Amino acid sequence: MTILPHEDCVRRYGVRSGPKVVTDHMLCAASNKEEECLPDAGGLLVVRSLDGSYSLAGILSMGFRCSSDDTSGVFTNITAVNDWLVETIVW
């Protein structure tokens, strides 16, 4: 799974859905495997650190079909919404 530059993400989805569909609170990730599909909305994107631990990077929001060379999944960027999550969910 590869996280794409934000500009590439906006360009890929802007063509299909109009401008500003992908916000600053989102990120795109693509794979050469069929790892994420639209029915998997809510699925997790995790990244592995150099020490072998895993961290939550995103939650699948949308996609137009299963991941392929010319599309990707759009995820809520956990880093971008972390403050809101802590304020809203953590007591």
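Before reading further, recall that the structure is shown in the block above.
A brief structural summary. (Residues numbered from 1 in each chain as written. Predicted model: local features only at pLDDT ≥ 70, side-chain atom pairs only at ≥ 80, totals over all residues. Heavy atoms only, no water.)

## With respect to the state of the cysteines
What counts is decided by this rule: We call a pair of cysteine sulfur atoms a disulfide when they lie within 2.5 Å. Put simply, DSSP H or I for four residues or longer makes a helix, DSSP E for two residues or longer makes a strand, and each gets a number counted from the N terminus. Burial here depends on accessible area, computed with a 1.4 Å probe over protein chains only, as a share of the maximum for the residue type. Under 20% is buried, over 50% is exposed, and the range in between is partly exposed.
In the structure shown here, the tally under the stated rule is one disulfide. Between the sulfur atoms of Cys9 and its disulfide partner Cys28 the distance amounts to 1.8 Å. Residues Cys9 and Cys28 share a disulfide whose torsion about the S-S bond is about 55°; that sign makes it right-handed. Of this pair, Cys9 sits in helix H1 (residues 6-17) while Cys28 sits in strand S2 (residues 26-30), placing them 19 residues apart in sequence. Across the pair, Cys28 and Cys9 agree in class, each one buried.

## Describing the environment of His25
Mapped onto the secondary structure, His25 falls in the loop between H1 and S2. A C-alpha to C-alpha distance of 5.4 Å links His25 and Asn77, two positions 52 residues apart in sequence.

## Observations regarding the sheet that holds strand S4 (residues 54-62)
In plain terms, the rule: Following DSSP output, two strands are said to pair if at least two bridges run between them. Two residues qualify as a contact provided that any one of their heavy atoms is within 4.5 Å of a heavy atom in the partner residue. Between N-to-C directions, angles span 0 to 180 degrees; the directions come from axes that are lines fitted to C-alpha atoms, helices contributing only their stretch in contact.
As summarised here, the arrangement of the five strands in space is S1-S2-S5-S4-S3, forming an open sheet in which the pairing is antiparallel. In this open sheet, the two strands that pair with only one neighbour each are strand S1 (2-3) and strand S3 (44-48). In the sheet, S2 pairs with strand S5 (residues 73-77) via four bridges, with the strands oriented antiparallel. In the strand pairing of S5, Leu27 is matched with Phe75. Sheet contacts for helix H2 (residues 78-89): S4 and S5; angle to S5, the most-contacted strand, approximately 35°.

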